[in-house]
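Residues per chain, in single letters:
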Amino acid sequence: HEAGHAVAGWLLPGCDPVLKVSIIPRGQALGITWSLPDEKVTMSKKDMMEDMCMLVGGRVAEEIVNDGIPCSGALSDFERMTKIAYAMVTYYGMSEKLGNVSFYNASDGYELTKPYSEKTAELIDSEAKAIIDEVTSKTKALLQENWEGLEKLAGMLIDKEVIMSEDIEAIFGPKAGKHGEDRLKTENL
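Every residue gets a number counted from 1 within its own chain, in the order that chain's sequence is written. In keeping with the model being predicted, local features are shown solely for residues with a pLDDT of at least 70 and side-chain atom pairs are shown and tallied solely at 80 or more, while totals for entire chains, interfaces and linings include all residues. Hydrogens and water molecules were not included; the side-chain quantities draw on all heavy atoms of the structure.

**Student:** For this particular structure, what's the right way to read the pattern of salt bridges?
**Tutor:** Where charged atoms from two side chains of opposite charge approach closely, those side chains can pair. We count a salt bridge whenever a side-chain nitrogen from Lys or Arg sits within 4 Å of a carboxyl oxygen from Asp or Glu. Summed over all chains, the structure comprises eight salt bridges. Residue Glu134 pairs with Lys138 through a salt bridge whose shortest N-O separation is 3.2 Å. Here Glu134 pairs with Lys138, and both are found in helix H4 (residues 118–145), just four residues apart, close to one helical turn. Three labels apply to residues, based on accessible area from a 1.4 Å probe with only protein chains included: buried if under 20% of the type maximum, exposed if over 50%, partly exposed otherwise in between. Assessed through its relative accessible area of 33%, Glu134 is described here as partly exposed. Its relative accessible area of 24% is what places Lys138 among the partly exposed residues. Among the ionic pairs, Lys152 bridges to Glu148, the shortest N-O distance being 3.8 Å. With a gap of four residues between them, Lys152 and Glu148 both fall in helix H5 (residues 147–160), about one helical turn apart. Numbering goes from the N terminus for both helices and strands, where a helix is a DSSP run of H or I of at least four residues and a strand is a run of E of at least two.

**Student:** Just checking my understanding: could you explain the pairing of strand S1 (residues 18–22) for this structure?
**Tutor:** Every regular strand shows the same layout, with side chains that alternate between the two sheet faces. With four bridges connecting them, S1 and strand S2 (residues 32–35) associate as antiparallel partners. Along S2, the bridge assignment pairs Ser22 with Ile32. Pairing between two strands requires that DSSP report at least two bridges joining them.

**Student:** Please explain H5 as it appears in this structure.
**Tutor:** Note: α-helices contain 3.6 residues per turn, so residues at a spacing of three or four share the same orientation. For H5, with 14 residues, the first-to-last C-alpha span of 20 Å sits near the 20 Å given by 1.5 Å per residue. Looking only at H5, the buried set comprises Trp147, Gly149, Leu150, Leu153 and Leu157. The buried residues of H5 occupy an angular sector of 155 degrees when the element is viewed end-on, so they sit on one face. The exposed residues of H5 that point more than 90 degrees off its buried face are Glu148, Ile158 and Asp159. Two residues form a contact once any of their heavy atoms are found within 4.5 Å. Where H5 is buried, its residues meet helix H1 (2–11), S1, helix H2 (45–65), H4, strand S3 (162–164) and helix H6 (165–172). By this rule the span expected of a helix is its residue count minus one, scaled by 1.5 Å. Directions drawn from the helix axis to the C-beta atoms are what define this arc.

**Student:** Can you walk me through the confidence of the model for the chain in this structure?
**Tutor:** In regions of low pLDDT, the predicted coordinates are not meant to be interpreted in detail. Values of pLDDT, ranging from 0 to 100, describe the predictor's confidence in every residue of the model. Summary statistics for the chain give a mean pLDDT of 88 and a share of 90% for residues scoring 70 or more. Within the chain, the lowest mean pLDDT, 88, falls on S2, and the highest, 97, falls on H4. Across residues 179–188, confidence stays below pLDDT 50; counting only partners more than four residues off in sequence or on other chains, it has 20 contacts.

**Student:** Teacher, can you tell me more about the side chain of Thr139 here?
**Tutor:** The topology assignment puts Thr139 in helix H4. Apart from residues no more than four positions distant in its own chain, Thr139 is found in contact with Cys53, Val56, Gly57 and Val60.

**Student:** Where do I start with the nonpolar core in this structure?
**Tutor:** Inside soluble globular proteins, nonpolar side chains tend to come together where they are buried. Residues Met52, Ile131, Val135 and Ile168 are the most contacted members of the largest nonpolar core, which totals 42 residues. Counting residues per element, the ones that place at least two in this core are H1, S1, H2, helix H3 (75–90), H4, H5 and H6. Once you skip the residues sitting within four places of it in the chain, Ile168 turns out to touch Ala6, Trp10, Val18, Val21, Leu153, Ile163 and Gly173. Working definition of a nonpolar core: buried Ala, Val, Leu, Ile, Met, Phe, Trp, Tyr and Cys residues. They are joined through side-chain atoms within 4.5 Å.

**Student:** Sorry, what's going on with the sheet that holds S2 here?
**Tutor:** In any sheet, the strands associate via hydrogen bonds between backbone groups, in a parallel or an antiparallel arrangement. Spatial ordering of the open sheet is given by S2-S1-S3, a layout of three strands whose pairing is antiparallel. Both edges of this open sheet fall to S2 and S3, since each of them pairs with a single strand only. The sheet shows a mean angle of 15 degrees between the axes of neighbouring strands, taken without regard to direction. Relative to S3, S1 runs antiparallel, the two sharing three bridges. Bridging from a neighbouring strand, Ser22 pairs with Val162 of S3. Angular values range over 0 to 180 degrees, each being the angle between N-to-C directions of two axes fitted as lines to C-alpha atoms, with helices fitted over their stretch in contact.

**Student:** Mind showing me how you'd approach H2 here?
**Tutor:** Taking 1.5 Å of rise per residue, 21 residues should cover 30 Å, and H2 covers 30 Å from first to last C-alpha, within 8% of that figure. Note that bend, as reported per residue, equals the angle between axes fitted to the 7 residues terminating at that residue and the 7 residues originating from it. Residue Val56 marks the point of greatest curvature in H2, where the axis turns by about 45 degrees.

Next up, the structure:
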């Protein structure tokens with residue numbers, strides 16, 4: 001699970017750099033992947049989708065290993081991913097079908113207001129689900145393309161329990177960057 005997060009986060013340029021990965025349980029978490037937050041003021045649709053790829057990377061890796069059988073360990077990942085998808089559609093105007101509209105109400109904080117019809121509500125749900133499905137599919141392809149490295153990383157995690165960015169770099173090379181130094185085909189994310 002954690003290796004899936006780390007690999008997606010390392011290979012996708014829109015993700016914050018992975019600093020440390022641990023499979024030592026902490027509270028409700030069975031492991032954790034830490035990233036160094038980039039001081040982003042705004043994020044592109046591509047960056048948001050790549051962040052979602054990192055979030056779903058753990059679950060996708062589990063399903064690949066378990067012949068498609070899901071486990072319950074991705075709850076907080078799904079919660080965060082779902083919030084991002086709905087924000088893209090309802091706050092940031094990142095849905096072609098809905099267009100440049102926002103249902104964000106500054107006086108209510110980030111609470112979604114409902115000045116729209118039931119038909120629009122169904123379209124919002126459909127668009128958010130389509131984003132999540134696209135991200136999940138692309139994450140699966142990314143992890144399958146890099147499965148040998150993911151297995152090495154998972155083995156290293158089992159042996160050491162905690163790894164650092166240097167360990168990931170030893171397997172995959174430098175972190176994918178935003179300025180032309182990308183080594184992967186991520187133009188469709």
